[in-house]
Amino acid sequence: MTPLLQVRDVAKFYGGRIGCTGVSFDLYPGEVMGIVGESGSGKSTLLNCLAGHLPPDDGQVIFDTRADGPVDTVTMSEPARRMLGRTDWAFVHQHAREGLRMGVSAGGNIGERLMAVGARHYGDIRHSAEDWLGRVEIDTGRIDDRPTQFSGGMQQRLQIARNLVTGPRLVFMDEPTGGLDVSVQARLLDLLRGLVREMGLSALIVTHDLAVVRLLADRLMVMKDGHVVETGLTDQVLDDPQHGYTQLLVSSVLQV
Amino acid sequence: MYVAVKGGERAIDNAHAWLAEERRGDLSVAELSIAQIREQLSLAVNRVMAEGSLFDPDLAALAIKQSRGDLIEAIFLIRAYRTTLPRFGMTRPVETGEMRCDRRISATFKDAPGGQVLGPTFDYTHRLLDFKLAAEGEPVPVPEAEGRAEPTPHITEFLADEDLIQTEPRDDTEPRDITRQPMSYPADRATRAQALTRGDEGFVLSLAYSTQRGYAKNHAFVGELRIGMVDVEMEIPELGFAIDIGEVQLTECETVNQFKGSKTEPPQFTRGYGLVFGQTERKAISMALVDRALRWEELGEDDKGAPAQDEEFVLSHCDNIQATGFLEHIKLPHYVDFQSELELVRKMRREAADAAAAREAAQ
Amino acid sequence: MSVMDEYNFAYIDEQTKRMIRRAILKGLAVPGYQVPFASREMPMPYGWGTGGVQVSAAALTPDDRLKVIDQGADDTTNAVSIRKFFERTAGVATTEETSEATIIQTRHRIPEVELTEDQILVYQVPIPEPLRFLEPRETETRKMHSLEEYGLMHVKLYEDISRHGNIATAFAYPVMVNDRYVMDPSPIPKFDNPKMEMAAVQLFGAGREQRIYAVPPWTKVVSLDFEDYPFDPSKADHPCDLCGAEDSYLDEVILDDAGNRMFVCSDTDYCRSRREAGHEGRLAAETMA
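Computed from a prediction, not measured in an experiment: that's the story for all the values here.

### Examining the overall build of chain A
Part 1 of the reasoning: Counting its secondary structure elements, chain A contains 10 helices and 10 strands.
Part 2 of the reasoning: For 256 residues, the compact-globule estimate of 2.2 N^0.38 gives 18 Å, and the C-alpha radius of gyration of chain A, at 18 Å, lies within 12% of that figure.
Part 3 of the reasoning: Expressed as lengths along the three principal axes of its C-alpha atoms, the size of chain A is roughly 55 × 45 × 35 Å.
Part 4 of the reasoning: The buried share of chain A, reckoned over its 256 residues, is 53%.
Part 5 of the reasoning: By sequence separation, contacts in chain A at least 24 residues apart represent 66% of the contacts at least 6 residues apart.

### Some thoughts on the overall build of chain C
Part 1 of the reasoning: If you tally the helices and strands in chain C, you get 7 helices and 12 strands.
Part 2 of the reasoning: At 20 Å, chain C has a C-alpha radius of gyration in line with the 19 Å of a compact globule built from 289 residues.
Part 3 of the reasoning: The principal-axis extent of the C-alpha atoms belonging to chain C is close to 60 × 55 × 35 Å.
Part 4 of the reasoning: Considering chain C as a whole, with its 289 residues, one finds that 62% of them fall into the buried category.
Part 5 of the reasoning: Counted over contacts in chain C with a minimum sequence separation of 6, partners at least 24 positions apart contribute 62%.
Part 6 of the reasoning: Entry remark: accessible area of chain C is about 10900 Å², with carbon and sulfur atoms responsible for 49%.
Part 7 of the reasoning: Here chain C holds 31 positive side-chain charges and 48 negative ones, and the gap between their average locations is 6 Å.

### As for the pattern of salt bridges
All names here are of chain B.
Part 1 of the reasoning: The full count for this structure, using the stated rule, is 79 salt bridges over all chains.
Part 2 of the reasoning: For Arg79, the salt bridge is made with Asp319, and the minimal N-O distance between the two is 3.0 Å. Taken together, the positions of Arg79 in helix H5 (residues 71–82) and Asp319 in the loop between helix H10 (311–317) and helix H11 (320–328) put the pair 240 residues apart, joining distant regions of the chain. When sorted by exposure, Arg79 lands in the same class as Asp319, which is buried.

### Observations concerning the layout of surface pockets
Part 1 of the reasoning: The computed volume of the second largest pocket comes to approximately 1900 Å³.
Part 2 of the reasoning: Together, 44 residues line the second largest pocket, and His16(B), Gln66(B), Glu73(B), Leu77(B) and Pro43(C) are the ones closest to its centre.
Part 3 of the reasoning: Among the secondary structure elements, those contributing two or more residues to the lining of the second largest pocket are helix H1 (8–24), helix H4 (57–66), H5 and H11 of chain B together with helix H3 (77–89) of chain C.
Part 4 of the reasoning: The element best represented in the lining of the second largest pocket is H1(B), accounting for 8 residues.
Part 5 of the reasoning: When the residues that make up the lining of the second largest pocket are grouped by side-chain class, the tally is 26 nonpolar, 8 polar and 10 charged.

### Digging into the UniProt feature "domain: ABC transporter" (unreviewed entry) in chain A
Part 1 of the reasoning: This chain's UniProt record puts "domain: ABC transporter" (unreviewed entry) on residues 5–250 of chain A.
Part 2 of the reasoning: Helix makes up 39% of residues 5–250 of chain A and strand 27%, with an end-to-end C-alpha separation of 28 Å.

### A word on the domain arrangement of chain C
Interfaces are often sized by the accessible area lost when the parts come together.
All names here are of chain C.
Part 1 of the reasoning: With domains assigned, chain C is organised as domain 1 (14–223) and domain 2 (235–283).
Part 2 of the reasoning: Between the C-alpha centres of domain 1 and domain 2 there is a distance of 26 Å.
Part 3 of the reasoning: Taken together, the contacts link 15 residues of domain 1 with 10 residues of domain 2.
Part 4 of the reasoning: By the criterion of area lost to domain 2, the three top residues of domain 1 are Arg109, Glu112 and Phe191, representing 44% of everything that side buries.

### What to know about the nonpolar core
Part 1 of the reasoning: In terms of nonpolar packing, the biggest core is built from 68 residues, with Ile110(A), Trp132(A), Leu158(A), Val171(A) and Phe226(C) touching the most fellow members.
Part 2 of the reasoning: In contact with Ile110(A), other than residues within four places in its own chain, are Ala129(A), Trp132(A), Leu133(A), Leu158(A), Ala161(A), Arg162(A) and Val165(A).
Part 3 of the reasoning: Core analysis: the next-biggest nonpolar cluster, separate from the first, contains 31 residues, Tyr11(C), Ile12(C), Phe37(C) and Leu203(C) among them.

### Describing the interface of chain C and chain B
Part 1 of the reasoning: Contacts between the two partners involve 62 residues from chain C, matched on the other side by 46 residues from chain B.
Part 2 of the reasoning: The junction of chain C with chain B conceals about 4600 Å² of combined surface from both sides, 58% of it contributed by carbon and sulfur atoms.
Part 3 of the reasoning: Seen at the junction of chain C and chain B, the total is 6 salt bridges.
Part 4 of the reasoning: Linking chain C to chain B there are 22 residue pairs in polar contact (both at pLDDT 80 or more).
Part 5 of the reasoning: Counting residues per element, the ones that place at least two in the side of chain C that touches chain B are H3, helix H4 (138–146), strand E11 (250–254), strand E12 (261–265) and helix H7 (284–288) of chain C.
Part 6 of the reasoning: Looking at the side of chain C that touches chain B residue by residue, the classes come out as 29 nonpolar, 15 polar and 18 charged.

### Re the packing of helix H1 (residues 14–29) of chain C against helix H2 (residues 50–59) of chain C
Residues and elements named next belong to chain C.
Part 1 of the reasoning: As a packed pair, H1 and H2 sit with axes 9 Å apart at the nearest point and diverge in direction by 100 degrees. It follows that H1 is roughly perpendicular to H2 by the angle criterion. Every residue of H2 that contacts H1 at Lys17, Ile20, Arg21 and Ile24 is listed here: Gln54, Val55, Ala57 and Ala58.
Part 2 of the reasoning: Looking at the contact of H1 with H2 residue by residue, the classes come out as 5 nonpolar, 1 polar and 2 charged.

### As for the arrangement of the chains
Part 1 of the reasoning: Counting contacts across all 2 pairs of chains found in contact, the highest total belongs to chains B and C.
Part 2 of the reasoning: The closest approach of any C-alpha atom in chain A to one in chain B is 10 Å; the two make no contact.

### Some remarks on the interface of chain C and chain A
Part 1 of the reasoning: Residue-level contacts link 18 residues of chain C with 22 residues of chain A.
Part 2 of the reasoning: For the pair chain C and chain A, the two sides together bury roughly 1800 Å², of which 59% comes from carbon and sulfur.
Part 3 of the reasoning: A salt bridge links Glu149(C) to Arg82(A), with the shortest nitrogen-to-oxygen separation between them at 2.7 Å.
Part 4 of the reasoning: Taken together, chain C and chain A are joined by 10 residue pairs in polar contact (both at pLDDT 80 or more).
Part 5 of the reasoning: When residues of the side of chain C that touches chain A are assigned to their parent elements, the largest contribution, 9 residues, is made by helix H5 (residues 151–164) of chain C.
Part 6 of the reasoning: Residue composition of the side of chain C that touches chain A, grouped by class: 7 nonpolar, 3 polar and 8 charged.

### Some words on the side chain of Gln71(C)
Part 1 of the reasoning: Take Gln71(C): it is sitting in the loop between strand E2 (65–70) and H3.
Part 2 of the reasoning: Under the relative-accessibility criterion, Gln71(C) is labelled buried at 1%.
Part 3 of the reasoning: A distance of 2.9 Å separates the side chain of Gln71(C) from the backbone oxygen of Pro333(B), its partner in a polar contact.
Part 4 of the reasoning: Setting aside residues no more than four positions away along its own chain, Gln71(C) makes contact with Pro333(B), His334(B), Tyr335(B), Val336(B), Asp337(B), Arg107(C), His108(C), Arg109(C) and Ser266(C).

About the cut-offs
- Residues numbered from 1 in each chain as written.
- Chains lettered and ligands numbered in written order.
- Predicted model: local features only at pLDDT ≥ 70, side-chain atom pairs only at ≥ 80, totals over all residues.
- Heavy atoms only, no water.
- Helix = DSSP H or I, 4+ residues; strand = E, 2+ residues; numbered from the N terminus.
- Rg over C-alpha atoms; globule rule 2.2 N^0.38 Å.
- Buried < 20%, exposed > 50% of the residue type's maximum accessible area, 1.4 Å probe, protein only.
- Contact = heavy atoms within 4.5 Å.
- Areas by Shrake-Rupley, 256 points an atom, 1.4 Å probe, with all protein chains shown as cover.
- Lys, Arg positive; Asp, Glu negative; His and termini not counted.
- Charge placed at Lys NZ, Arg CZ, Asp CG, Glu CD.
- Salt bridge = Lys/Arg side-chain N within 4 Å of Asp/Glu carboxyl O.
- 1 Å grid on protein atoms, 1.4 Å probe; cavity = no way out; pocket = protein on both sides within 12 Å on 5 of 7 lines; lining within 4 Å.
- Points joined across faces, edges and corners; volume = space filled by probe spheres on them.
- Nonpolar A, V, L, I, M, F, W, Y, C, P; charged D, E, K, R; others polar.
- UniProt positions renumbered as here; feature names shortened; annotations may be inferred.
- Domains from an automatic or database assignment.
- Buried area = accessible area lost by both parts, 1.4 Å probe.
- Core = buried A, V, L, I, M, F, W, Y, C linked by side-chain atoms within 4.5 Å.
- Polar contact = N/O pair within 3.5 Å; in protein donor to acceptor, adjacent residues only side chain to side chain.
- Axes fitted to C-alpha atoms, helices over the stretch in contact; angles between N-to-C directions.
- Parallel < 35°, antiparallel > 145°, perpendicular 65-115°, else oblique.

In structure tokens:
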């Protein structure tokens, strides 16, 4: 099987400082990979390089496109990369307000990606929006309300709906449960797990919260100071960490 | 009835005739001469030259007279005239270090070669109306001193000698001419400076003031403010060398701003720069502060989201001729647009009423 | 003859005209694309037609016959002012008859009479950027155009319908030109949008914003809409009270303190020629008096 995403020696530097370096891995269709590490470990930099938000200084990010097969997204044209960004790729930001249009209704937020790829039937767009509000457990009666009137958890669920409406094949998530209450986090994780399974999504999830990866990720990548220090199946890494840093990370979580 | 749009031509002619009469005012009062405006309202003349981007005191005075003292209208007249002028060539950059200073002050050093020269300033005057001016008076004799023979060095040079202030890399690329090329963003510093030097004094002043109040604060000191005459030189291809073609009065301001440095760079002062036609020091200082605020990216500072840091915002709104034209155009007839809005609002109200009636009927 | 003798034909110098013509040609080559041009300061205020005037000046030849309208009328103040400007600076013939004109400069209307391939229609444009009110930054909107990212434009229309039940844009209604660029047709009423697929050359000049754009003859111009909420070029549901026309765009005039109104063609030449041909509206007899 062709990997959906092949990452080869990706590096990003900020002046003399390493953002991330020497990162390589494959992600297969339907697979969820967690990227963990403390803040400053380079995991968010890596995610932004992979998603085309930051130009990496070195390496390849090869995506298996529907039309042309595997293509290096680092060197593809900006229009093509942006097209990926609104069709086959989705990006869930930690802060919902970065990923939502706060001045646009919930329905408009969900409909934007559909319209960006050519949907021109108001009734159909609205129907999809209602459907997706239901799937992320938001009352469809709130379709015309703006996200400013939503709670933090609802905003995050709306952001997910807005991203998944076009049926992307790869979802990038940056601390999707960060900043939410513990009870709200649990509900969101539950929802995400359901959607990932149901839609057969591939995903890359950056988080410092090991509970998130335990629940969602098939595989794990541990980062420290811009380098990958350990990879493996999630349970394996968490239950039997090999690298000293991973051991520290796991034990520090267990102490909490 | 149905007269509103008729007779436009006659109405315009009559309005203009009335305007001419109002401009002249009471005929029993002597008419202002261009020379009087040029000599006695010189700061107004300077502002019109600066924002009109044309150094010609007589034309500026004429514009002020024609515009009844509305300086933005006068600037507009100058700008419209300026566009029609042919271009014979480009002068050499003026050497402000060679300026014959009427005024030169520094807030950073108590004294320096060339000294502190107050010059003709309002500073330290008590702002009391001088009723003597209401009567015609004989001029009071003014003490005179010998001018300084040698050039007055720039204050920032003393800081630069010690490497305490950033050095501005010399750049000989020909700057874009914003009156001959469309603006595009991001703009380089030379382009920004052109827009600011002809920008509206009030707008640039307020932006500069906002930086002092914390919207992208950059702790400016007036390193030096100098006002005086500089020679304008032009290369004449036929001659093969440059000759003086005249002199212009300029106000130059260099601010010295804090910069804390970083791990790799030692702390150093940074600069803001303002250069404006005529004696226009409020504008020149304001320009220097805004110039400095716009350099946040180049100097590795944070984008604080302040208006004065926002190049596109500052440059696309600082021109008062663009601003006043677009603002005042809403006086023009908009019957057609308004009519289409009116129809739409009526239609939507009708539909809302129908829907309400249908709901009521259903109940 | 006049004080304007000292200026070049049509006021602007030839070099500047060539620069403007290059921008016009580029605009025609890429329909709907906003071409930056070094707009000059004109002797009338920005926002009062400086873009249209520069485009007209670059297009005018001594043999042209110029018509200038504002709100569809030849005798509104700004139309009079601009027509006078060209009479003085170019000495060209002027006309109020649409079919007689070779160049028509307009603000806010397209004439009712169908234009021909021998004519040029020059629009005055206040804000050329159709995305401006969704995104204020030029750097962003230019990128959106270059990448054809117009989803946001439809989000706006979606929001209109979800809130008002209708697309709540009555003028300056955005269009897609030649299946590529979303374009602002200038603040014409949406009633005029369908006329934009026409035989004449359409040129748009925005002086203050330094942009020129164009629609060549018979270029596809589609008003943005949804399949189930199609574009509706509606107008006041009345005939003209002076000439009886049922197909023309109407101005509403308040007649008295009681709020009585009459509806009259905004295109004054169209209305006049119909009345001369014997057509009469509801109030025709009274107004002749």
